[in-house]
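# Analysis of the macromolecular model
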Amino acid sequence: MLCDHVAPPPVRCTRPVQGGRDEGREGGWIYSAGGGGGPQNRSRSSPKRITMKSLVLIALSLCTLAGSSADAAVVKLRAKLVARAKVSGPGFSALASSVQHCLALCNKRPDDCDAINFHEPSGKCRFLQRCAPISVGAKNPDYYFYSKRPQILSEGFLFEQQSESCLRLVRNQTDFATADMQCAELNGRLATLNTPALNQFAAGLLRAAGVQYAWFGLRDVDGEGNPTHSDGSKASDRGFFLPAPQHWRNDTNRNCWALQDDGKWAEVSCKGRHLFSICEVPPF
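Remember, predicted model here, so these are calculated numbers, not experimental data.

## Examining the packing of aromatic side chains
Under the definition given, this model contains 6 aromatic pairs. Grouping aromatic residues by their ring pairs yields a cluster made of Phe-216, Phe-240, Phe-241, Trp-257 and Trp-265. Across the ring face of Phe-159, the terminal group of Arg-130 is positioned such that the distance to the ring centre comes to 3.7 Å. Positioned above the aromatic ring of Tyr-213, the side-chain terminus of Arg-273 is 5.5 Å from the ring centre.

What follows is the structure in C-alpha cells.
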C-alpha cells in the first residue's frame, strides 16, 4: 500500500441512471419525473471497472489529505506566520503545492532553512538561510512569510545547535544598559547563557575575536545570589551558574555579569565597565 492508513477502494461499482434510484427491488428504478421503470423501459449503465492507475491516484490523494493535518501540526511547532509579504534574503527556491507543503519541506532541512516565503499563485517556495539577514517588503496577500525566529537584521549571527539560537558578538564597548538596547535594536536580547553548550559556544566567540570579556543577559534584580537572565528565568532554574571565584562578591555595586573567554562569569559594575556584548535572537 502507498500508505497504511488508507483503505483500498472497491474494485467494482455500479452507477444508476441520472435522476433515478432503486426502490423496493433491484432493477426497478423510480425516476424524478414520476413513474417506475426497469431494464425493459430504461437502460441501466453497465458496471464500470476501476483501473489500477485509478486506484493509485485515489490512494495518493487520500494519503495527501490524511497527512495534511500531521504536516500542519509540525508546522505549528516549528514556525510562525510573521507577515503576508515578499521577503528577500540568501537562500534557494523550489516548487510546493501549498504553504503547508513548503513549511514541511523547510522542516526537513533544519541545517539550511530558517524561514520560508511562499508565493501562492506560482507555488514558488523560497527557503531562507539560517541566521542570515532578511528584508521584508510591503504587504502582499499573494505571499506568506513564516519564520522560526524574529527577523535577523544584520550580518554576523552564528547558529548554536542545541538552543537553536543565533548569536553574535557586538564589537562596540558600552555599559550594560546600552548593550541591552543594542541587542534590542538587532531584534534580539543580551544572550541567555543557561546551558553548558550555549555558554561554551559564546565563550568561543570571544576567543575567536581575541576578546576577554563581554556582557551577556544576566543581572542581579532581586538581591545577590540568584541573578536573573534576560528571558526572565533565574540562574537557579537550570542549576547552571558559573561565577569566577575572583569576580563574585556580595557587592550591591556589582549587579551585572560578563562572560569571560574561559566560560566563567564575572560580576561587575553595570555602569563602571565598558565591554563588548553577546546578542541572541532565539527561536519563537
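## Considerations on the pattern of salt bridges
Under the criterion given, the structure shown has 3 salt bridges. Among the salt bridges present, the one from Arg-149 reaches Asp-114, with a minimum N-O distance of 2.7 Å. Placement of the pair is Arg-149 in the loop between β11 (143-147) and β12 (158-160) and Asp-114 in the loop between α2 (99-107) and β8 (115-119), with a sequence separation of 35 residues. Given a relative accessible area of 2%, Arg-149 falls into the buried group. Taking the relative accessible area as the measure of exposure, Asp-114 reaches 5% and is therefore buried. When the shortest N-O distance is used, the salt bridge between Arg-189 and Glu-280 registers 3.3 Å.

## A few points about the environment of Asn-187
In this fold, Asn-187 is placed in the loop between α3 (176-185) and β14 (189-190). A residue is classified by how much of its surface remains accessible, and Asn-187, at 32% relative accessible area, is partly exposed. In sequence terms Asn-187 and Ser-154 are 33 residues apart; their C-alpha atoms lie 9.5 Å from each other. Not counting residues within four places of it along the chain, the set of residues in contact with Asn-187 comprises Pro-150, Gln-151, Leu-153 and Val-281.

## A word on the state of the cysteines
Throughout the structure, instances matching the rule amount to 5 disulfides. Each sulfur in the disulfide pair Cys-102 and Cys-125 lies 1.8 Å from the other. Taking the sign of the S-S torsion, about 75 degrees here, the bridge from Cys-102 to Cys-125 comes out right-handed. Taken together, the residues span a long stretch of sequence, with Cys-102 in helix α2 and Cys-125 in strand β9 (residues 124-128) at a distance of 23 residues. Accessibility expressed as a relative area gives 0% for Cys-102, which makes it buried. Take Cys-125: its relative accessible area is 0%, and that puts it in the buried class. One disulfide in the model links Cys-131 with Cys-166; its S-S distance is 1.9 Å. When the S-S torsion is -85 degrees, as for the bridge of Cys-131 with Cys-166, the disulfide is left-handed. Of this pair, Cys-131 sits in the loop between β9 and β10 (135-139) while Cys-166 sits in strand β13 (residues 165-174), and the two are 35 residues apart along the sequence.

## A word on the sheet that holds strand β7 (residues 91-95)
Strand-to-strand pairing in sheets goes through backbone hydrogen bonds, with the strands running parallel or antiparallel. A sheet is described by the order of its strands in space; here 5 strands give the open sequence β5-β11-β8-β9-β7, paired in antiparallel fashion. Every other strand in the sheet has two partners, leaving β5 (80-83) and β7 as the edge strands with one partner each. Pairwise comparison of adjacent strand axes, ignoring direction, gives a mean angle of 25 degrees for this sheet. The strands touched by α2 within the sheet are β7, β8, β9 and β11, with β8 carrying the most contacts at an inclination of about 150 degrees.

## Digging into unusual backbone geometry
Positioned with a positive phi, Glu-164 is a non-glycine residue whose angle comes to about 60 degrees. Given the relative accessible area of 34%, Glu-164 is considered partly exposed.

## Description of the side chain of Thr-228
Mapped onto the secondary structure, Thr-228 falls in strand β16 (residues 228-229). Using a relative accessible area of 13% as the deciding quantity, one classes Thr-228 as buried. Within the structure, Thr-228 has its side chain in polar contact with the side chain of Lys-234 (distance 2.9 Å). Residues contacting Thr-228, with those up to four places away along its chain left out, are Gly-217, Leu-218, Arg-219, Val-221, Ser-233 and Lys-234.

The rules we used
- Residues numbered from 1 in each chain as written.
- Predicted model: local features only at pLDDT ≥ 70, side-chain atom pairs only at ≥ 80, totals over all residues.
- Heavy atoms only, no water.
- Phe/Tyr/Trp six-rings, centres within 6.5 Å; stacked < 30°, edge-to-face > 60°.
- Lys NZ or Arg CZ within 6 Å of the ring centre and 35° of its normal.
- Salt bridge = Lys/Arg side-chain N within 4 Å of Asp/Glu carboxyl O.
- Helix = DSSP H or I, 4+ residues; strand = E, 2+ residues; numbered from the N terminus.
- Buried < 20%, exposed > 50% of the residue type's maximum accessible area, 1.4 Å probe, protein only.
- Contact = heavy atoms within 4.5 Å.
- Disulfide = S-S within 2.5 Å.
- Pairing = 2+ DSSP bridges.
- Axes fitted to C-alpha atoms, helices over the stretch in contact; angles between N-to-C directions.
- Polar contact = N/O pair within 3.5 Å; in protein donor to acceptor, adjacent residues only side chain to side chain.

Any functional reading would require information that these geometric values do not contain.
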